[in-house]
There are 2 protein chains.
Amino acid sequence: MIKNYPNGNSFRDQFTAQPKSNFRTAPTNGNVIYGNRGMSLEQEINLSNKYYLETGQAVIHKKPIPIQIVNVNYPKRSAAVIKEAYFKQASTTDYNGVYHGHYIDFEAKETRNRSSFPLSNFHDHQIKHMKACVQQQGICFTIVKFVVRQEIYVMPSQILFAYWDNQESGRKSIPYEQIKRESYLINYQISPRLPYLQGVDQLIKKINLP
Amino acid sequence: MIKNYPNGNSFRDQFTAQPKSNFRTAPTNGNVIYGNRGMSLEQEINLSNKYYLETGQAVIHKKPIPIQIVNVNYPKRSAAVIKEAYFKQASTTDYNGVYHGHYIDFEAKETRNRSSFPLSNFHDHQIKHMKACVQQQGICFTIVKFVVRQEIYVMPSQILFAYWDNQESGRKSIPYEQIKRESYLINYQISPRLPYLQGVDQLIKKINLP
């Protein structure tokens, strides 16, 4: 039995080269290029990273999914087949790379929530990883997509850290209004589809790095 | 049938948490801590990265092995099992991360060859990846271990690029003497076992980055 991800994408989609065309209902606001409809945030970012790489602007990749391999077959005259393996929890974020001498490290998350971004999108060791990267002067953020609003933000990790560290006593999600105020809205373009490095530029300027 | 890697380590070793103790013949020179005997270069680097992370010196991880998943089972009440998957060729290097604001990117390779380091240790897209990272002001290098000599070097990527780009007309390996002259020898220590960031420091100084 194949289960789907919460965003409605099939589990197998992320492993296949050809994205399945998977049209949803039309978004209600205008700031959208319709060719992007139905593409997952991950696919949009992967395409943008490909564009950034090909145009010599940045080298940023999604890391492979960590897997614990238990059993492998080596048939004669054909490729090795993994016959038993398990998903491991990632100890880092999904994306990293280099941009104009800066180390870039981020997660990409979609939410169907309109009013806030739930902290349950993260694991403790991902936050630890991002804090360690920030200490080494890496540029850390989350690309947050509010699916219903069709809005995508580059959210600085400091906002995430503040809410994460206070979740025992406080709320378990980051209010949409705060993200809107303190993050960088990314509008779709033709190339790259998701020009998120524009948000990263502003982030770097704000942190006051060279 | 389980095949071994060329360095003699079992294929399954890299997926198991407990490194198998696997003593080889004693090394012939003195600059070795005997507790390291039989550990693969990858294990030595992973341990060093763990130390660097825990002491707040750097955040550097080995990337998971890229895999193409074809079939997954979801048994009730237990974890998803990958029943069919294949190894994909990596399009980047094995290790990357951040160190004092620098993006770090490298491969780790062992050779039993005494007099040279064969270029067959690399694929074309790995070289392309490293060149793209250097263009973005990333710090790229190879950790080369001459197993028989028990010598480990941080080799700047420029040496690799020069030989790689000339291999059609020239030789297919990098002479040991040149690596010895133009790279940074790393001696084993207690903690971290392989203090390769000492070589990276010299590399950064030479490139004249801040």
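Residues numbered from 1 in each chain as written. Chains lettered and ligands numbered in written order. Predicted model: local features only at pLDDT ≥ 70, side-chain atom pairs only at ≥ 80, totals over all residues. Heavy atoms only, no water.

## Focus on the UniProt feature "binding site: Mg(2+)" (unreviewed entry) in chain A
Residues and elements named next belong to chain A. Applied cut-off: UniProt positions are given in the numbering used here, feature names are shortened, and annotations may be inferred rather than shown by experiment. Every helix listed is a DSSP run of H or I at least four residues long, and every strand listed is a run of E at least two residues long, numbered separately from the N terminus. Residue burial is assigned from relative accessible area. The probe radius is 1.4 Å, only protein chains are included, and a residue is buried under 20% of its type maximum, exposed over 50%, and partly exposed in between.
Residues annotated by UniProt as "binding site: Mg(2+)" (unreviewed entry) correspond here to Thr92, Asp94, Glu107 and Gln126. In terms of the greatest pairwise C-alpha distance, the residues named above, spread along 35 residues, form a tight cluster of at most 9.4 Å across. As for its position among the elements, Asp94 is in the loop between β3 (81-87) and β4 (95-99). What makes Asp94 partly exposed here is its relative accessible area of 23%.

## Some words on the packing of helix α2 (residues 124-135) of chain B against helix α3 (residues 157-165) of chain B
All names here are of chain B. Which entries qualify depends on this criterion: Axes here mean lines fitted to C-alpha atoms, for a helix over just the part in contact, with angles spanning 0 to 180 degrees between N-to-C directions. Between 65 and 115 degrees an angle is taken as roughly perpendicular, under 35 as roughly parallel, over 145 as roughly antiparallel, and anywhere else as oblique. By definition, any crossing whose near helix is turned counterclockwise from its far helix by less than a right angle is left-handed, and any crossing with a clockwise turn is right-handed. Working rule for contacts: check all heavy atoms of both residues, and any pair within 4.5 Å makes them a contact. Throughout this entry, Asp, Glu, Lys and Arg are counted as charged residues, while Ala, Val, Leu, Ile, Met, Phe, Trp, Tyr, Cys and Pro are counted as nonpolar. The remaining residues, Gly among them, count as polar.
Direction vectors running N to C along α2 and α3 enclose 135 degrees, while the axes themselves pass 11 Å from each other. The angle between the axes of α2 and α3 places the two elements in the oblique class. The hand of the α2/α3 crossing is left-handed. Across the interface between the two elements, Asp124, Ile127, Met130, Lys131 and Val134 of α2 pack against Ser157, Gln158, Leu160, Phe161, Trp164 and Asp165 of α3. Its residues assigned to classes, the contact of α2 with α3 shows six nonpolar, two polar and three charged.

## Quick look at the interface of chain B and chain A
Under the convention used in this document: Accessible area, probed at 1.4 Å, shrinks when two parts are joined; the buried area is that loss added up over both. Note on definitions: salt bridges are taken to be side-chain nitrogens of Lys or Arg within 4 Å of carboxyl oxygens of Asp or Glu. Note on pairing: DSSP must find at least two bridges between two strands before they are called paired.
Contact with chain B, which involves 45 residues of that partner, is made by 45 residues of chain A. Summed over both partners, the interface of chain B with chain A buries about 3900 Å², with 62% contributed by carbon and sulfur atoms. The largest share of the area that chain B buries against chain A comes from B:Tyr74, B:Ile82 and B:Gln136, three residues that together contribute 18% of it. Taken together, chain B and chain A are joined by zero salt bridges. Listing elements by their share of the side of chain B that touches chain A, those giving two or more residues are β1 (59-62), β2 (67-73), β3 (81-87), β4 (95-99) and α2 of chain B. Among the elements that take part in the side of chain B that touches chain A, β3(B) stands out by supplying seven residues, more than any other. Its residues placed into classes, the side of chain B that touches chain A shows 27 nonpolar, 14 polar and four charged. Sheet topology places β3(A) next to β3(B); three bridges connect them, and they run antiparallel.

## What to know about the environment of B:Ala162
For B:Ala162, the location among the structural elements is in helix α3. Expressed as a C-alpha distance, the spacing of B:Ala162 and B:Ile174, which sit 12 residues apart in the sequence, is 9.5 Å.

## Regarding the relation of the copies chain B and chain A
What counts here: Superposition of the copies used a least-squares fit over C-alpha atoms from residues whose pLDDT is at least 70 in both.
In the superposition of chain B on chain A (RMSD 0.0 Å, axial shift 0.0 Å), the rotation amounts to 180 degrees. Read as a symmetry element, the transformation amounts to a two-fold axis. Taken together, the interface assignments show that 100% of the residues at the interface of chain B recur at the interface of chain A, consistent with an identical surface on both copies.

## A closer look at the sheet that holds strand β5 (residues 102-111) of chain A
Residue and element names in this part refer to chain A. A sheet is described by the order of its strands in space; here six strands give the open sequence β1-β4-β5-β7-β8-β10, paired in mixed fashion. Of all the strands in the sheet, just β1 (59-62) and β10 (184-186) have a single pairing partner and so form its edges. The average angle at which neighbouring strand axes cross in this sheet is 25 degrees, direction not considered. The pairing of strand β8 (residues 151-156) with β10 spans three bridges and is classified as antiparallel. The residue of β10 that forms the bridge with Ile152 is Ile186. Sheet strands in contact with helix α2 (residues 124-135) are β5 and β7 (139-146), and its direction is about 150 degrees off that of β5.

## Some remarks on the sheet that holds β3(A)
Spatially, β2(A)-β3(A)-β3(B)-β2(B) is the arrangement adopted by the four strands of the open sheet, whose pairing is antiparallel. Sheet topology places β2 (67-73) of chain A together with β2 of chain B at the edges, where each strand pairs with a single neighbour. Pairs of neighbouring strands in the sheet enclose a mean axial angle of 30 degrees, with direction left out of account.

## A word on the pattern of salt bridges
All names here are of chain A. Counting across every chain of the model gives 12 salt bridges over all chains. Of the charged contacts, one joins Asp124 and Lys128 as a salt bridge, the two residues approaching to 4.0 Å between their closest N and O atoms. On the criterion of helical spacing, the pair formed by Asp124 and Lys128 is a turn pair, its members being four residues apart in helix α2. Take Asp124: its relative accessible area is 42%, and that puts it in the partly exposed class. For Lys128, a relative accessible area of 57% gives the class exposed.

## So, the packing of aromatic side chains
Note the following rule: Pairing of aromatic rings covers Phe, Tyr and Trp, the last counted by its six-membered ring, and requires centre-to-centre distances within 6.5 Å; plane angles under 30 degrees mean stacked, over 60 mean edge-to-face, and any other angle means tilted. Placement of a positive charge over a ring is assigned whenever Lys NZ or Arg CZ falls within 6 Å of the ring centre and within 35 degrees of the normal to the ring plane.
Counted by the stated rule, this structure contains 21 aromatic pairs over all chains. Ring geometry for A:Phe141 versus A:Tyr196: centroids 6.4 Å apart, planes at 45 degrees, classification tilted. Linking A:Phe141 in strand β7 with A:Tyr196 in the loop between β10 and α5 (197-207), this pair joins segments that are 55 residues apart in sequence. Relative to A:Tyr153, the ring of A:Phe146 has its centre 6.3 Å away and its plane inclined at 80 degrees; by these criteria the two rings are edge-to-face. Across the pair, A:Tyr153 and A:Phe146 agree in class, each one buried. Among the aromatic residues, those joined into a ring-pair cluster are A:Tyr51, A:Tyr52, A:Tyr95, A:Phe106, A:Phe141 and A:Tyr196. Positioned above the aromatic ring of A:Phe122 is the side chain of A:Lys109, whose terminal nitrogen or guanidinium carbon lies 5.8 Å from the ring centre. Residue placement shows B:Arg149 over the ring face of B:Tyr176; its charged tip is 3.6 Å from the ring centre.

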